[in-house]
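Listed here are the chains, written in short residue letters.
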Amino acid sequence: MVFVPGLLVQLGIFGGLFVGFGIIAEWRAGVIDRMMVTPASRTALIAGRVLRDVVVLVAQAIILISCAFLFGLRVPLWAIAAGLVLIGLLGAAFSFLSYAFGLITKSEDAFAPLVNSLALPVLLLSGILLPMSLAPAWLQALASINPFKHVVDALRAIFRGEIGTPEVALGVALAAVLVVLGAWFGNRVFEGQTK
Amino acid sequence: MGAEIQAGQAMIEARQLKRDFKARGRTIEAVRGVDIDVAAGEIVGFLGPNGAGKTTTLKMLTTLLRPTDGSATVAGFDLRRDPQGVRRNIGYVGQAGSTIGSARAGEEIVSHARLYGIDAATANDRARNLLAALDLADVWDRKCGSLSGGQRRRLDIVMGLIHNPRLVFLDEPSTGLDPQSRANLWTHIRKLRDELGTTVFITTHYMDEADSLSDRLLIIDKGEIVAEGTPAELKKKVRGDTITLTMREEKDATEAAGVAGLLAGADAPATDGHIVRFHVSEGASTLPVLLAELARAGIEAIGVEVNRPTLDDVFLTLTGRSLRD
Ligand SMILES: Nc1ncnc2c1ncn2[C@@H]1O[C@H](COP(=O)(O)OP(=O)(O)O)[C@@H](O)[C@H]1O
Ligand SMILES: [Mg+2]
C-alpha cells in the first residue's frame, strides 16, 4: 500500500502535464482566439480549464483509491479527503504550467519533449519510481530541493494517518505555492496571447 | 458606454495602424500603417493575396493583437483605451474556425454566449434563432466535426453573432468551401446586413467573393492599402476590356499580335504560345473590326474571348502581380 501515494502523485503530475496538448489543438482550431475576443477575464479562461482538470483528476483519484480499498488499503476517510486536496493542488499546478507551455510552444513537436524533460526529473527525484534511500547522497540532496518529493512525502504521511506534522504541513504549503506560481505564470501567458 | 452608432456614421476608424513581428532576429513589417474607414451598415471587403496582412489587421481591430503603432476606434470604442468596450460590441470569426470537432454545436454556442455574460436561457433562445436563420436548425446535438465545411463555417458565424454585435469581422469565411456552399454563405452574409443591419468587414483573397459581396473594397498588398473604392470604381482604373485570341499555330499568333496592335485604342499585345492577349477600351465594338482585319491578313483565330475587367486585373494593374499567384 506504499504504492498508493506514489501512484496518486503520478496521476496528478501526468494528468496535469498533458492537458497542454489539448490547448494546442484548441488554439489551432481557433477556439482560443474565439474566447480571447470576448470580454471574459483571461484569468477565468485559464482557471476554468484548470478547475475542470482538477475535477477529472479527483474523480480518477477516487477510483484509484476505491480499487486500493478492494485490495486492502485501510486509511481513515479524513486522510483520503486530505490526500485528494493535496492531489488536486498538485494537479492544478501542473495544469496551469502545461497550458502555459502549450500556448508558448503552440506545437506538439515542441511541447512533447518539453513536458518529458520536465516530468522525468520530477518523477525520479520525488522518490516515486525508486526509493530515495537507495540513492547516493548527492542525489538525495538534489531530491530534497525538489518540491515534489516533499509533496509525495506529505501524501505518504497523510496515508499513514499523520496530520499536522511538519512533513505534511511542508508538503501542503509547497503544493499551494506551486499552484500560485503556476496560476501566475499561466495567467501571464494567456494575457500575452493578445500582445 | 459609446453612443449608439447610426447608419452611415463611422463604425471603424483606423489611423496609421501598424504591426511588426519579430521572428528569428528579423523584423517583419506585416502591416505598415493602414487607414481604414468603415461606415455603419456597410459590407466592406478587405482583399489581398496570402501574406498581405489581412489577418494581422483584423486581429488588431478585434483586440487580439496590439498594434505596434497607430490608433483606431472600433464600434465607437478606442482600441487602446477601452478594449473591453470593443470586445462587447464586435463579433469575430477567425480564419482558423472556432470549434473543435468533438464539441457539440448547441452546447458550444451556449458556452460561448456565457463568456459575454449572457444567461443560459437567453443564450439558448438566441442560439436556436440564429441557427435557424443560417439554415442550421438541426445541428444542435451534432458534433462540430461531423458538420460539412459550409455548415461548420455558418456555425462559426452563429457564434460570432451570439451577443448581437453591431459590427462583425469575418476572416476568409469561404476558404476551402465548394462553389455552392460559398454562394450560399454569401447569401447569408448579405442577409446579415440587410435584415439585422450588421456592419460586415470581410477579408478574402478571392476576387469573386470581394466583387459580389462588398459595397466597398480595400485592397491590401504587402501590408499597405493600395486602392479603395466600389468594385465598379476600381475596375474603371484598369485599361478596359481584355481580348484573348487563340490561334492554330504560334506563327499565326505573332502575326495576329501585329494586326491587333494596330487597332484603335489597343495596347501592346502579349503573346504566349498560341495565345494573344491585349486590352481595348471597348471590347464589344472592337471585336468585329479585329475579326475583319484578321481575315484580311489571311489568319484565322480558333477562339476569341472578350473579358470585362476583373478585380484581379485591378490588382495586376496596381501591383504588377496576379492575385492568383
Ligand atoms: N505571429 C507572427 N509571427 C511572425 N510573422 C507573422 C505572424 N503573423 C503573421 N506574420 C507574417 O505577417 C505577414 C502577414 O500575415 P497575415 O496577416 O496572416 O496575412 P494574410 O492574412 O493577408 O494572409 C506574413 O508575412 C506573415 O508571415
Ligand atoms: Mg489571413
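Residues numbered from 1 in each chain as written. Chains lettered and ligands numbered in written order. Predicted model: local features only at pLDDT ≥ 70, side-chain atom pairs only at ≥ 80, totals over all residues. Heavy atoms only, no water.

Chain B carries the name ABC transporter in an unreviewed UniProt entry, which gives Devosia nitrariae as its organism. Per UniProt, chain B has the following entry under Sequence similarities (unreviewed entry): "Belongs to the ABC transporter superfamily. Drug exporter-1 (DrugE1) (TC 3.A.1.105) family." (UniProt positions renumbered as here; feature names shortened; annotations may be inferred.)

Before going further, it helps to spend a moment on the side chain of His150 of chain A. Note that His150 of chain A resides in helix α8 (residues 147–159). Each residue touching His150 of chain A, except ones within four places of it in the same chain, is listed here: Ser144, Leu170, Gly171 and Leu174 of chain A. (Helix = DSSP H or I, 4+ residues; strand = E, 2+ residues; numbered from the N terminus. Contact = heavy atoms within 4.5 Å.)

Glancing now at a nonpolar patch on the surface. Residues Trp138, Leu142 and Ile145 of chain A make up a contiguous nonpolar surface patch of roughly 370 Å² in combined accessible area. Looking at the secondary structure, you find Trp138 of chain A in helix α7 (residues 137–144). (Patch = residues over 30% accessible without salt bridge, like charges linked within 9 Å, V, L, I, M, F, W, Y side chains within 5 Å. Areas by Shrake-Rupley, 256 points an atom, 1.4 Å probe, with all protein chains shown as cover. Salt bridge = Lys/Arg side-chain N within 4 Å of Asp/Glu carboxyl O.)

On to the sheet that holds strand β4 (residues 69–74) of chain B. All names here are of chain B. The four strands are arranged β2-β1-β4-β5 in an open sheet whose pairing can be described as antiparallel. The sheet terminates laterally at β2 (26–39) and β5 (77–78), the two strands that pair on one side only. By the bridge criterion, two bridges tie β4 to β5 in an arrangement that is antiparallel. The residue bridging Val74 from the neighbouring strand is Phe77, located in β5. Of the strands in this sheet, β1 (10–23), β2 and β4 touch helix α1 (residues 54–61), which is tilted by about 120° from β1. (Pairing = 2+ DSSP bridges. Axes fitted to C-alpha atoms, helices over the stretch in contact; angles between N-to-C directions.)

Residues and elements named next belong to chain B. Coordination sphere of the magnesium ion (ligand 2), protein contribution only: Thr55 (OG1) and Gln95 (OE1), at 2.0 to 2.3 Å. In this pair, Thr55 is assigned in helix α1 and Gln95 in the loop between β6 (90–93) and α3 (105–114), connecting sequence segments 40 residues apart. Take Gln95: its relative accessible area is 40%, and that puts it in the partly exposed class. (Donors = N, O, S within 2.8 Å, 3.2 Å for Na, K, Ca; no water. Buried < 20%, exposed > 50% of the residue type's maximum accessible area, 1.4 Å probe, protein only.)

Let us now look at the site of ligand 1. Residues and elements named next belong to chain B. Neighbouring ligand 1 are the residues Phe21, Ile28, Ala30, Pro49, Asn50, Gly51, Ala52, Gly53, Lys54, Thr55 and Thr56. One of the backbone nitrogen or oxygen atoms of Gly51 is found 2.7 Å away from an oxygen atom of ligand 1. Between Ala52 and ligand 1, the recorded distance is 3.2 Å, taken from a backbone N or O atom to an oxygen atom. The fraction of the free accessible surface of ligand 1 (560 Å²) that becomes covered by protein chains is 63%. Of all elements in the fold, only β2 and α1 reach the threshold of two or more residues within the shell around ligand 1. Examining the composition of the shell around ligand 1, we find that three residues originate from one element, α1, more than from any other. Each residue belonging to the shell around ligand 1 can be placed in one class, and the counts come to five nonpolar, five polar and one charged. (Near = heavy atom within 4 Å. Polar contact = N/O pair within 3.5 Å; in protein donor to acceptor, adjacent residues only side chain to side chain. Nonpolar A, V, L, I, M, F, W, Y, C, P; charged D, E, K, R; others polar.)

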